[in-house]
There are 2 protein chains.
Amino acid sequence: MSYSYDYPRPALTVDCVVFGFDDGDLKVLLIQRNEPPFEGEWALPGGFVRMDESLEEAARRELEEETGAREMFLEQFGSFGDVHRDPRGRVVTVAYYALVKLSDQSIRAETDARSAEWRPMRALPPLAFDHEMILARALARLKEKVRREPVGFELLPKKFKLTQIQHLYEAVLGRTLDKRNFRKKLLRLGLLVPLDEQETDVRHRAAQLFRFDRKKYLRLVEKGFHFEL
Amino acid sequence: MSYSYDYPRPALTVDCVVFGFDDGDLKVLLIQRNEPPFEGEWALPGGFVRMDESLEEAARRELEEETGAREMFLEQFGSFGDVHRDPRGRVVTVAYYALVKLSDQSIRAETDARSAEWRPMRALPPLAFDHEMILARALARLKEKVRREPVGFELLPKKFKLTQIQHLYEAVLGRTLDKRNFRKKLLRLGLLVPLDEQETDVRHRAAQLFRFDRKKYLRLVEKGFHFEL
DNA sequence: CCAAAAGTGTTTCACGTACACCCATGC
DNA sequence: GCATGGGTGTACGTGAAACACTTTTGG
């Protein structure tokens, strides 16, 4: 079976930059290619857009295939269509970035078919196609996003301590932050709820745990509130 | 002649939201469609991506066809691929917004083929396809952009007076601004050069004219400067 | 008692905001 | 001389940034 058109059409794919946060490290999900071109090299997860799914649906389908999860933060950040970006022919890709809670046990990286790994942003392998550029753009977008919307919490467990958020922001923004000022600003927003629970089994003073009050945030947004860190 | 593929492919287009500024009004270039679907209705300029041009090249080609100009500010802001967004079949579009100087005589709106018009954002006709949503997203993007990068000047003549910039910002942001505070903030940036020239033939006090110092801006950006209004 | 991370306040300075009147020009 | 928009300064309050020591816990 084949499909014919009066004019030639580029192939259309979606690619996903999936960010996770763990051990103070910002990580990205990479796939090792098992066929040419770029066989054996690392690439972003992605695939062709089907005729019966929207772009976002295609991205979520790919994400589910690679991580096992479907409900995660997902945002489109750009499309890439240089004529020679894929040696096999004309392929235009729509790129998304996703944020997942690596602490969530339902997230995995391995599939039977191809090997996938969480790689720290600090030490990435070379990537196939124009994926290094796409990844750089995703990170740039995440940097802006994380300061203007409370998406950082998408990367943390539901219960977290303040230093975890700070380390997350430091990893994303690529610079250190002042502990007292950071906590002051964060708590002043009034969006973190202290839980009746503390860190346990640590050999130093136990940290207070918090959760992000999403409902309150959404209510405030209705009234014109704007998150900013 | 026809082109065959093993799997079906969506058609791929680019659409452009072309903003202009004139008489205190933010305007958009619209095309009146002369064939179905949506015959007679207004739509954004756009067209199919050819196999030998990148996405941005496709957008610039369309822009040149519609406005006569090629060198203008242009930025991609999103791709739209809902399955039923075009009644003729599956069409995915990559959307750009462009900023043009309406004061520049080389900009026109009419082509022989189809009628094109500059319409004020304050009073838009209904648009074909999902173009109202695309336009809304373009405006949202412009609102953010104009406050974080000096793109407002792309919409003004090379020589302008301060109230023109203020009116531009008011039109884009959709709210009034305080004259003294606006001028203070703007001039403090040190990016406007007062010219040896004033407004003429006005029946009130003549305004000082300025130009934007792009070279100085680029030098400052190298050093980590960040424009913000 | 030692190591390790948690937690906590004050001062200083810059910037955002609110606000009202005189100036120059053409008719 | 009047109508029209151009141009200017101050006072106040809020928020950003810099900065160091005490607390708790397990080993």
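Basis of the calculations
Residues numbered from 1 in each chain as written. Chains lettered and ligands numbered in written order. Predicted model: local features only at pLDDT ≥ 70, side-chain atom pairs only at ≥ 80, totals over all residues. Heavy atoms only, no water. Domains from an automatic or database assignment. Contact = heavy atoms within 4.5 Å. Buried area = accessible area lost by both parts, 1.4 Å probe. Least-squares fit on C-alpha atoms with pLDDT ≥ 70 in both. Salt bridge = Lys/Arg side-chain N within 4 Å of Asp/Glu carboxyl O. Helix = DSSP H or I, 4+ residues; strand = E, 2+ residues; numbered from the N terminus. Buried < 20%, exposed > 50% of the residue type's maximum accessible area, 1.4 Å probe, protein only. Axes fitted to C-alpha atoms, helices over the stretch in contact; angles between N-to-C directions. Parallel < 35°, antiparallel > 145°, perpendicular 65-115°, else oblique.

Quick word on the domain arrangement of chain A
Residues and elements named next belong to chain A.
Here comes step 1: Per the domain assignment, the segments making up chain A are domain 1 (11-147) and domain 2 (156-222).
Here comes step 2: On a C-alpha basis, the centres of domain 1 and domain 2 stand 27 Å from each other.
Here comes step 3: In this complex, domain 1 contributes ten residues to the contact, which on the side of domain 2 involves ten residues.
Here comes step 4: Each partner contributes to the roughly 910 Å² buried at the junction of domain 1 and domain 2, and carbon and sulfur atoms together form 73% of this total.
Here comes step 5: The three residues of domain 1 that bury the most area against domain 2 are Phe 21, Lys 101 and Val 146, which together make up 51% of that side's buried surface.

Quick word on the relation of the copies chain A and chain B
Here comes step 1: By a simple turn and slide, chain A fits onto chain B: the slide is 0.0 Å along the axis, the RMSD is 0.0 Å, and the turn is 180°. On the angle and the small slide along the axis, the relation comes out as a two-fold axis. For chain A, the minimum C-alpha distance to the rotation axis belongs to A:Ser4 and amounts to 2.1 Å.

Quick look at the pattern of salt bridges
Here comes step 1: Evaluation of the coordinates by the stated rule reveals 36 salt bridges over all chains.
Here comes step 2: Salt-bridge contacts for A:Arg122 lead to A:Asp25; the nearest nitrogen and oxygen are separated by 2.8 Å. Of this pair, A:Arg122 sits in the loop between strand E8 (116-120) and helix H2 (131-148) while A:Asp25 sits in strand E3 (residues 25-32), and the two are 97 residues apart along the sequence.
Here comes step 3: Judged by its relative accessible area of 63%, A:Arg122 is exposed.
Here comes step 4: Classification of A:Asp25 by relative accessible area gives buried; the value is 15%.
Here comes step 5: Here B:Arg61 makes a salt bridge to B:Glu53, at a shortest N to O gap of 2.6 Å.
Here comes step 6: Given a relative accessible area of 12%, B:Arg61 falls into the buried group.

Some remarks on the packing of helix H3 (residues 162-173) of chain A against helix H4 (residues 179-188) of chain A
Residue and element names in this part refer to chain A.
Here comes step 1: As a packed pair, H3 and H4 sit with axes 11 Å apart at the nearest point and diverge in direction by 105°. As summarised for this structure, H3 and H4 are arranged roughly perpendicular, according to the angle between their axes. Between H3 and H4, the residues in contact are Leu 162, Thr 163, Ile 165, Gln 166 and Tyr 169 and Lys 179, Phe 182, Arg 183, Leu 186 and Leu 187, respectively.

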